[in-house]
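A structural walkthrough
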Amino acid sequence: MASIKDVARKSGVSISTVSYVFTGKRSVKLETRIRVFEAARELGYFPNVGAQMLRNGRTHIIALSSPIHSYTNFTNYAAFFFEMVRAAHRHHFHVLLFAGEDEDEQFVRFADSNLVDGVVLLDVAWNDERIQRAKLASVPYVSIGMPMDSENLIAVDVDFEEVGRIAIDRLAESGHKEILFVGSDQSVDSKSKDVTESNYLHRITASIQAQARRKGITVHSLLTKGDDYSSVRCLLADTFDQHDEITGMITQTSIEFVNNAIGVLQLIGRPIPERTSIVSLASYGKTEMLPVQIDEMPLLPAAVCSKAMQLLIGALDGEAPRAGHIELLHPTYINRGSIRRV
């Protein structure tokens, strides 16, 4: 049986460094941690007795990486978190949550120590640093959300390309030729100050633009600068003042934005649906609670999380699919009469 000395020799570091990698008592460079983990896996070394006892079995624990940022919408966060926990429990798995922005050290250590059977990633950005971990992982990774690079993991999500196509088609069928698309403001990473774009916003935007070109529709795309009434009024009043020909609107925003948009459009003489048709994308099936009922294509947290758990178990059982597989669920369109013919 391999020992910590063997791992140190193979990875070219000291015994104490190997110990720090597995215990997390001191910070170790990422490159060194990866080298140690690779050596440990090749040698079959397990960092503690509990993990060693489980090397031929399962812990029935999954690591759920769902960082809470300063800009996190807790309503949206809770929907996916609780549905993922419910899906795991249905299959007799427990969930170990990693929710901090600075928990990379612990997350890597748990994911590579045989203490968990697999990893599920939530709140996946288009360019997500966590995706790189899947390349060296000894357990399967499932991503809820489709990042730009999904070669080393299994990804499951709503088919947001289809969402964009359907939204444009609905407006095109009703005769709309010029529309406004409003997306959620992109979040800024607190460390790098770089813009980190949500994967579904990227996909919805690209799909809307492509389908609009095919249908001969002009799209004016904007990002929200705030969901409060004042911000929404400023954005919509200025836009409709400059582009009087706009008759349709697609939103990928919060329900607060949509609620305020209803009032603003009424105020500026563009009421829904009489003068402005609207459909809300990537929402949570709650726009029927608004003063004016809005068509929507909601996120499907229960269906997506259930499928993610099924795919993870399939990977553990050695059944298809394998890393690189992408599973997209068909969207649901809820028609509440907010699109009118022009």
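Everything here concerns the structure above.
Presented here is a report on the structure given in the accompanying data block. (Residues numbered from 1 in each chain as written. Predicted model: local features only at pLDDT ≥ 70, side-chain atom pairs only at ≥ 80, totals over all residues. Heavy atoms only, no water.)

This next bit is on the overall build of the chain. For the chain, the helix and strand inventory stands at 11 helices and 13 strands. Among the 342 residues that make up the chain, the fraction classed as buried is 48%. Within the chain, contacts between residues separated by at least 24 positions form 71% of all contacts whose residues are at least 6 apart in sequence. Working note: accessible area of the chain is about 16100 Å², and carbon and sulfur atoms make up 50% of it. (Helix = DSSP H or I, 4+ residues; strand = E, 2+ residues; numbered from the N terminus. Buried < 20%, exposed > 50% of the residue type's maximum accessible area, 1.4 Å probe, protein only. Contact = heavy atoms within 4.5 Å. Areas by Shrake-Rupley, 256 points an atom, 1.4 Å probe, with all protein chains shown as cover.)

Burial of strand β6 (residues 178-183) is extensive: 6 of the 6 residues sit out of reach of the surface. Residues Glu-178, Leu-180 and Val-182 point to one face of β6 and Ile-179, Phe-181 and Gly-183 to the other, with burial holding for every one of them. Bridge count between β6 and strand β9 (residues 218-223): 6 bridges; the pairing is parallel. Following the sheet pairing, Gly-183 is matched in β9 by Leu-223. (Pairing = 2+ DSSP bridges.)

Right, let's talk about the packing of aromatic side chains for a bit. Summed over all chains, the structure comprises 2 aromatic pairs. On the basis of an interplanar angle of 65 degrees and a centroid distance of 5.1 Å, the ring pair of Phe-81 and Phe-82 is categorised as edge-to-face. By relative accessible area, which is 17% here, Phe-81 ends up buried. When the ring centre of Tyr-333 is taken as origin, the NZ or CZ atom of Arg-170, which lies over that ring, is 3.8 Å away. (Phe/Tyr/Trp six-rings, centres within 6.5 Å; stacked < 30°, edge-to-face > 60°. Lys NZ or Arg CZ within 6 Å of the ring centre and 35° of its normal.)

Turning our attention to the side chain of Asp-157. Counting through the fold element by element, Asp-157 comes out in strand β5 (residues 154-158). The exposure class assigned to Asp-157 is buried, which follows from its relative accessible area of 7%. A polar atom in the side chain of Asp-157 sits 2.9 Å from the side chain of Arg-203. Apart from residues no more than four positions distant in its own chain, Asp-157 is found in contact with Gly-145, Met-146, Asn-199, Arg-203, Val-304, Glu-327, Leu-328 and Leu-329. (Polar contact = N/O pair within 3.5 Å; in protein donor to acceptor, adjacent residues only side chain to side chain.)

Our focus in this paragraph is the sheet that holds strand β10 (residues 248-252). Strand order in the open sheet formed by 5 strands is β9-β6-β10-β11-β12, and the pairing between neighbours is parallel. Strands at the two margins of the open sheet, each flanked by one partner only, are β9 and β12 (295-298). This sheet shows a mean twist of 15 degrees between the axes of neighbouring strands, independent of strand direction. Its contacts with the sheet put helix α9 (residues 229-242) on β6, β9 and β10, and the angle it makes with β6 is roughly 160 degrees. In this fold helix α10 (residues 255-267) packs onto β6, β10 and β11 (277-283), with an angle of close to 155 degrees to the strand it touches most, β10. (Axes fitted to C-alpha atoms, helices over the stretch in contact; angles between N-to-C directions.)

Scanning the model with the defined rule gives 11 salt bridges in all. Between Asp-128 and Arg-130 there is a salt bridge; the shortest N-O distance is 2.9 Å. For the residue pair Asp-128 and Arg-130, the accessibility class agrees, reading buried in each case. Three or more residues joined by partner-sharing salt bridges are found here, namely Asp-157, Glu-161 and Arg-203. (Salt bridge = Lys/Arg side-chain N within 4 Å of Asp/Glu carboxyl O.)

Tracing the backbone shows Ile-255 in helix α10. Distance from Ile-255 to Lys-286, taken between C-alpha atoms, is 7.8 Å for residues 31 residues apart in sequence. If we ignore the near neighbours within four places in the chain, the residues touching Ile-255 are Lys-286, Thr-287 and Leu-290.

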